[in-house]
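# Architecture at a glance
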Amino acid sequence: MGILLSKPEAAEMFSRWTDTYDVYAPVRKEGEGCFSDTDVIRYDRVTSLDDIVWDKKSDYSFKETLLHINETLFYYTEDQTLVPKGPERDILIFLRACDLHGVKRLDEIYLRNGYEDFYYARIRERAHFILMGCESTCESGFCVSMGTNRAENYDGYLKLDGDRVCADFPWEELAKLAPEGIKADVTPDYVTENKEKVTLPRNLSNATFENEIWKEYGERCIGCGRCNFVCPTCTCFTMQDIFYRDNPKAGERRRVWASCQVDGYTDMAGGLGYRKTQGERMRFKVMHKIYDYEKRFGYPMCVGCGRCDDGCPEYISYSNCINRLAKEESEQ
């Protein structure tokens, strides 16, 4: 059971939220796209429902609200270290069903993959999620094929519907901050069919690593890493030590988003390196999403958001790659 709110009632409720929480949602950043005359939709802190982009998938995922692109792990001097404070308030994150499934994937990697990541855990326990429905499919997404078009483990649901707002708050803390409204059945909007459809190969083996498809895609890939940075489930990072100019014996250690597709990612001491060609890197990324991760956790890592296809400057389609693998498998 949900409620129907007028726009003024919803605005008042949102004001209460911002007094209590840090609220993040997809917003349009004018002129900040790849070119000076293009916009980009990515996550930022919002103070009004009018700030949120409701009718278009964000170009970047929610991930940067939980995993900062550049995060200081600790500060150090000659004889001591200091861990920076975590978030001081709970946060609300607006996202769609596919991205909410992405949260589950991040939780597996950072919380249940043999150890618990301290920095992720302390922000994750303060994060709550407001579901944004999808009335129609996006161009590149294939969430229906991945079974991520529906989500249930949300703390709240909000939809703008003309001059009213439809809301549902399974988390009672949000319900306490909502006006009484008009009681109504409120069901999130979900797409039931995508323009893009994907068939997952089900009998992958080590032999797949020798498929010629990787060389073909590798010849087109320029190793920019954009597919990883827009992905809601990629989790790789690198480490940086920053030495302060006024005192080189003091500084900070940071972890920074990285990409398995870029040069130098697998370099090791002694001049060793792995996955030196773009084909090998493409193979690693794809197989990790649909093979390695599933063997470990029981379901694919990919959520079918389609952002990697949208972001690739060489128009390499991850979804087409998966379909080709499935087709070759069926023909054997």
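The structure this text deals with has already been given above.
## Some details on the sheet that holds strand E1 (residues 2-6)
- With mixed pairing, the eight strands of this open sheet are ordered in space as E3-E2-E6-E7-E8-E9-E1-E10. The open sheet has two edge strands with one neighbour each: strand E3 (40-45) and strand E10 (182-184). Each strand of the sheet is rotated relative to its neighbour by a mean of 30°, with strand direction disregarded.
- Strand direction decides the pairing type here: E1 and strand E9 (residues 164-168), joined by four bridges, are antiparallel. Of the residues in E9, the one forming a bridge with Leu4 is Cys166.
- Of the strands in this sheet, E1, strand E2 (22-29), strand E6 (91-95), strand E7 (127-132), strand E8 (156-161) and E9 touch helix H1 (residues 7-20), which is tilted by about 105° from E1.

## Quick notes on the nonpolar core
- Counting residues in each nonpolar core, the largest one holds 31 residues, and the members touching the most others are Phe62, Leu66, Ile93, Leu95, Leu100 and Phe129.
- Among the elements of the structure, E6, helix H3 (97-111), helix H4 (118-124), E7 and helix H9 (278-297) are those that each provide at least two residues to this core.
- Of all the elements, H3 adds the most residues to this core, at six residues.
- Look past the residues within four positions of Phe129 in its chain and what remains in contact with it is Leu66, Ile93, Leu95, Leu100, Val103, Arg124, Tyr154, Asp155 and Gly156.

## Quick notes on the pattern of salt bridges
- Taken as a whole and judged by the stated rule, the model has 24 salt bridges.
- Residue Glu64 is joined to Arg42 by a salt bridge in which the shortest nitrogen-to-oxygen separation is 3.0 Å. With Glu64 in helix H2 (residues 63-66) and Arg42 in strand E3, this residue pair connects regions lying 22 residues apart in the sequence.

## Comments concerning H9
- With 20 residues, H9 should cover 28 Å at 1.5 Å per step; its first-to-last C-alpha distance of 27 Å lies within 8% of that length.
- At His288, H9 shows its largest kink, close to 60°.
- Positive phi shows up at Gly298, right after H9, with a value of about 95°.

Conventions used here
Residues numbered from 1 in each chain as written. Predicted model: local features only at pLDDT ≥ 70, side-chain atom pairs only at ≥ 80, totals over all residues. Heavy atoms only, no water. Pairing = 2+ DSSP bridges. Helix = DSSP H or I, 4+ residues; strand = E, 2+ residues; numbered from the N terminus. Axes fitted to C-alpha atoms, helices over the stretch in contact; angles between N-to-C directions. Contact = heavy atoms within 4.5 Å. Core = buried A, V, L, I, M, F, W, Y, C linked by side-chain atoms within 4.5 Å. Buried < 20%, exposed > 50% of the residue type's maximum accessible area, 1.4 Å probe, protein only. Salt bridge = Lys/Arg side-chain N within 4 Å of Asp/Glu carboxyl O. Expected span 1.5 Å × (residues − 1). Bend = angle between axes of the 7 residues up to and from the residue.

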